[in-house]
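Residues per chain, in single letters:
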Amino acid sequence: MKTWVYIDHFQGQAIPASWEAVGLGKTLGAVTALVFGSGVEALAKSACEYGADEVLLADDASLADFRAETYASTLSAAAAAGTPGLLLFPTTTRGRELAAMAAIDLKTGVLVDVTALEAKGEEIVVTRPVYAGKIMTKETCSTRPYVITLRGRAFAKPAPQAGKTGAVTRIEVRGEALTSVEGYARGESGVSLADANVIVSGGRGISNNPALTPPAGLDEKAAEIWKAQQGFAMVNELASVLGAAVGASRAAVDAGYIPYAHQVGQTGKVVSPNLYIACGISGAIQHQAGMRNSKVIVAVNKDAEAPIFKLARFGMVGDVWQIVPALTAAFKKKLGK
Amino acid sequence: MKIVVCVKQVPDSAAKVTVENGKVTWGDAPLVINPWDEFAVEAALRQKEALGGTVTAVTIGGEGTKDALKHALAMGADDAILVNDPALGTLDTQAVAQLLAAAIKKIGGVEMVFFGRQAIDGDSGIVPAQTARLLGWPSLTLASVIQAEAGAVRVERSTEEGRQIVKAKLPAVLSVAKDYGEPRYPSFMGIRKAQRAEIPTLALADLGIPAPAAVVTWPEVMNLPARDVKCEIIGGTPEEAANALVDKLIAEKVL
Ligand SMILES: Cc1cc2nc3c(=O)[nH]c(=O)nc-3n(C[C@H](O)[C@H](O)[C@H](O)COP(=O)(O)OP(=O)(O)OC[C@H]3O[C@@H](n4cnc5c(N)ncnc54)[C@H](O)[C@@H]3O)c2cc1C
Ligand SMILES: Nc1ncnc2c1ncn2[C@@H]1O[C@H](COP(=O)(O)O)[C@@H](O)[C@H]1O
């Protein structure tokens, strides 16, 4: 199958799921990588090293920031001429939007956030979680090309082959930008939960330490947040020993303990690390929706009946304030840090 | 300012969704307005409060989905429209987008269209960009700050890498991120008004388009593979338990 892969990147830094998509494409045949941006020749080179046979490169100052309309028009015009059977995108904000618009231009459907793909000749059937991951569906599309976005970490990332090259063809920018990018605001920076191999998450239980004495003069709410911040400091320490990202439950986010960018769950991020350590999280169904696909789940909770234990491979029943520091010390010792 | 907000009805987020006899079921869990769409209604209402105008809620679905429209009315929307036609079968995102684009054109003079980030049944997050593409309007997805003025809008978008600040001319399509701010609760007066509201239906003939067909199909729905994890509770003092856990994780090559 003639497969094209959109290499998603932010300011020249490729999103790892782009390489996962190249890897999947290679199992189906030859891969053409689409590299769009300004000053992105290096990405075209990387795409070949990750396995792409050739690259369609739209490198132009007008593409400096991702702009859905021009990116989609450029892609659709190329696809109309090159007739790929399959277009792959990583499921990122940009990937979703581009796939959505390209599918309209090419009069076809979109299969979104796919976690498995079967090809029989020219027919593709995918598997994807729906209803917040409570059930799975097999999906297919009656029109061509197939337009598919792939969930990060669902497909293996190929090892790059240094020095491998491929033909790079420059293509023209099409369409008119309907938005202008003014810049990027400071504030919650990207928390790379989606790519994390290990995640340590904190919930409402993190603030529950009667032994802590907040500084004088704080009202009840401020004292609770102060306690939670001590709790997240403890979670951060464990995370840093493990090189892990820090996640949180919605209750922790809503209570103001930690920014929304850290929220895992149905209305937060969907993650699939090798190891997910839930500290003081009950495991509500909406939280599960975001972390159920973790390979190994460890739960630390003082309530042996908490639903999180139904999902966990290992459980520790007790106070996070005693167990989390003990875990930090044990990992430090055993991992030789 | 004429504002439209697109809402969908979905099973409650706490519903236990399973597959029985090859069909999706959520037992007796209630159908509710898609939670993300409540943020869209909130954003639409705040724009109206700042700039004047009207908010019209639109849904594509059967008679029963009027309840989602009533929720939007109860929150403060001025009126609502159901798009429904016996000729419509199962829809996919591009079919929904075609119907919404046609409805928005039919309403006429619309300057802002608000969407939720995604519907929590299909979990696609595709319809807003597709509708924008069909209308030829700018697509400003995942907006967390929205400042509109005559003819233009400035938006902060929540992306993976942080906030992107984007400007566009109106009319425009926006989808609303969670950090926009909590949606308001329906007021008592709003609920009464919604109960009495007459909700008109637009059929395909009113929209002047043929029935769009779904091209994406679901040949099979499946329960999750049984997670054959039995939770192993690790006991002892915190130090003993921690050491034992780390040994197990290392032995299982998790780390
Ligand atoms: C539409 C909708 C969307 C939602 N989306 C999300 C989402 O994306 N993500 C999400 O997480 N939630 C989401 N929720 C909320 C969800 O239903 C729960 O309310 C939330 O996950 C609970 O967070 P929690 O586990 O931290 O808090 P709680 O449920 O209050 O649990 C705290 C846990 O900590 C334990 N604990 C307390 N003190 C200690 C201690 N000292 N040591 C050890 N354990 C302790 C308790 O036993 C308890 O199990 C959503 C809800 C709705 C309605
Ligand atoms: N049937 C529908 N009727 C009206 N709006 C819809 C419908 N389906 C989706 N939408 C809108 O499109 C958004 C994204 O939906 P989706 O792309 O299906 O995840 C939703 O949050 C709604 O605002």
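Everything below is about the structure printed above this text.
Residues numbered from 1 in each chain as written. Chains lettered and ligands numbered in written order. Predicted model: local features only at pLDDT ≥ 70, side-chain atom pairs only at ≥ 80, totals over all residues. Heavy atoms only, no water.

## Here we look at the overall build of chain A
Phase 1: Secondary structure summary: chain A contains 8 helices and 18 strands in total.
Phase 2: For 337 residues, the compact-globule formula gives about 20 Å, and the C-alpha radius of gyration of chain A, at 22 Å, lands near that figure.
Phase 3: Referenced to the eigenvectors of the C-alpha coordinate spread, the extents of chain A come out at roughly 70 × 45 × 40 Å.
Phase 4: Going through the 337 residues of chain A one by one, you find that 59% of them count as buried.
Phase 5: Sequence separation of 24 or more characterises 63% of the internal contacts of chain A that already satisfy a separation of 6 or more.
Phase 6: Entry remark: accessible area of chain A is about 12800 Å², with carbon and sulfur atoms responsible for 51%.
Phase 7: Positive and negative charge centroids in chain A, built from 33 and 30 side chains respectively, lie 8 Å apart. (Helix = DSSP H or I, 4+ residues; strand = E, 2+ residues; numbered from the N terminus. Rg over C-alpha atoms; globule rule 2.2 N^0.38 Å. Buried < 20%, exposed > 50% of the residue type's maximum accessible area, 1.4 Å probe, protein only. Contact = heavy atoms within 4.5 Å. Areas by Shrake-Rupley, 256 points an atom, 1.4 Å probe, with all protein chains shown as cover. Lys, Arg positive; Asp, Glu negative; His and termini not counted. Charge placed at Lys NZ, Arg CZ, Asp CG, Glu CD.)

## As for the site of ligand 1
Phase 1: In the vicinity of ligand 1 lie 26 residues, with A:Arg204, A:Ser249, A:Thr267, A:Ser282 and A:Gln286 positioned nearest.
Phase 2: Looking at what sits near ligand 1, you find residues from chains A and B.
Phase 3: Here an oxygen atom of ligand 1 sits 2.7 Å away from a polar atom, N or O, in the side chain of A:Arg204.
Phase 4: Side-chain polar atom of A:Asn208 to a nitrogen atom of ligand 1: 2.8 Å apart, as the coordinates give it. (Near = heavy atom within 4 Å. Polar contact = N/O pair within 3.5 Å; in protein donor to acceptor, adjacent residues only side chain to side chain.)

## What about the interface of chain B and chain A?
Phase 1: Taken together, the contact between chain B and chain A spans 79 residues of the former and 84 residues of the latter.
Phase 2: Here chain B packs against chain A, burying approximately 7000 Å² in sum over the two surfaces, 59% of which is carbon and sulfur.
Phase 3: Of the charged contacts, one joins A:Lys334 and B:Asp247 as a salt bridge, the two residues approaching to 2.8 Å between their closest N and O atoms.
Phase 4: Remark: the boundary between chain B and chain A carries 34 residue pairs in polar contact (both at pLDDT 80 or more).
Phase 5: Mapped by element, the contributors of at least two residues to the side of chain B that touches chain A are β3 (18-20), α4 (127-135), β9 (139-149), β10 (152-159), β11 (162-169), β14 (216-223), β15 (232-233) and α7 (238-251) of chain B. (Buried area = accessible area lost by both parts, 1.4 Å probe. Salt bridge = Lys/Arg side-chain N within 4 Å of Asp/Glu carboxyl O.)

## Some points on the sheet that holds strand β8 (residues 116-120) of chain A
The strands making up a sheet associate through backbone hydrogen bonding, with each pair oriented either parallel or antiparallel.
Phase 1: Read from one edge of the open sheet, 4 strands run β8(A)-β9(A)-β10(A)-β14(B), paired in antiparallel fashion. Two strands lie at the open edges of the sheet, namely β8 of chain A together with β14 of chain B, each paired on one side alone. Adjacent strand axes in the sheet meet at a mean angle of 25° when their direction is disregarded.
Phase 2: Where strand β9 (residues 123-130) of chain A and strand β10 (residues 135-141) of chain A come together, 5 bridges link them in antiparallel fashion. (Pairing = 2+ DSSP bridges. Axes fitted to C-alpha atoms, helices over the stretch in contact; angles between N-to-C directions.)

## Describing the packing of aromatic side chains
All names here are of chain A.
Phase 1: Enumeration over the complete set of coordinates arrives at 8 aromatic pairs over all chains.
Phase 2: Taking 5.3 Å as the distance between ring centres and 85° as the angle between the ring planes, the aromatic pair formed by Phe10 and Tyr184 counts as edge-to-face. Pair noted here: Phe10 is in strand β2 (residues 9-10) and Tyr184 is in strand β13 (residues 179-185), with a separation of 174 residues, a long-range link.
Phase 3: For Tyr184, a relative accessible area of 31% gives the class partly exposed.
Phase 4: With 5.8 Å between their ring centres and 65° between their planes, Phe36 and Tyr71 make a pair best called edge-to-face. You can see Phe36 sitting in strand β4 (residues 31-37) and its partner Tyr71 sitting in helix α3 (residues 68-82), a full 35 residues away along the chain.
Phase 5: Linked through ring pairs, Tyr6, Phe36, Phe66, Tyr71 and Phe89 together constitute an aromatic cluster. (Phe/Tyr/Trp six-rings, centres within 6.5 Å; stacked < 30°, edge-to-face > 60°.)

## Considerations on a nonpolar patch on the surface
Phase 1: Taken together, the side chains of A:Leu335, B:Ile250 and B:Leu255 present a nonpolar region at the surface, about 210 Å² in accessible area.
Phase 2: Given the relative accessible area of 30%, A:Leu335 is considered partly exposed. (Patch = residues over 30% accessible without salt bridge, like charges linked within 9 Å, V, L, I, M, F, W, Y side chains within 5 Å.)

## Looking at the packing of helix α8 (residues 320-334) of chain A against α7(B)
Phase 1: Where α8(A) meets α7(B), the axes come as close as 8 Å, and the angle between the chain directions of the two elements is 50°. Overall, the two elements α8(A) and α7(B) adopt an arrangement that is oblique. Remark: the crossing between α8(A) and α7(B) carries right-handed chirality. Facing A:Gln322, A:Ile323, A:Ala326, A:Leu327, A:Ala330, A:Phe331, A:Lys333 and A:Lys334 of α8(A), the residues of α7(B) in contact are B:Pro238, B:Glu239, B:Ala242, B:Asn243, B:Leu245, B:Val246, B:Asp247, B:Leu249 and B:Ile250.
Phase 2: When grouped by side-chain class, the residues that make up the contact of α8(A) with α7(B) number 11 nonpolar, 2 polar and 4 charged. (Parallel < 35°, antiparallel > 145°, perpendicular 65-115°, else oblique. Left-handed = near helix turned anticlockwise from the far one by under 90°. Nonpolar A, V, L, I, M, F, W, Y, C, P; charged D, E, K, R; others polar.)

## Some thoughts on the pairing of strand β6 (residues 54-60) of chain B
All names here are of chain B.
Phase 1: Burial of β6 is extensive: 6 of the 7 residues sit out of reach of the surface.
Phase 2: By the bridge criterion, 5 bridges tie strand β1 (residues 2-6) to β6 in an arrangement that is parallel. Among the inter-strand pairings, Lys2 is bridged to a residue of β6, identified as Thr54.
Phase 3: Pairing of β6 with strand β7 (residues 79-83) involves 5 bridges; the strand directions are parallel.

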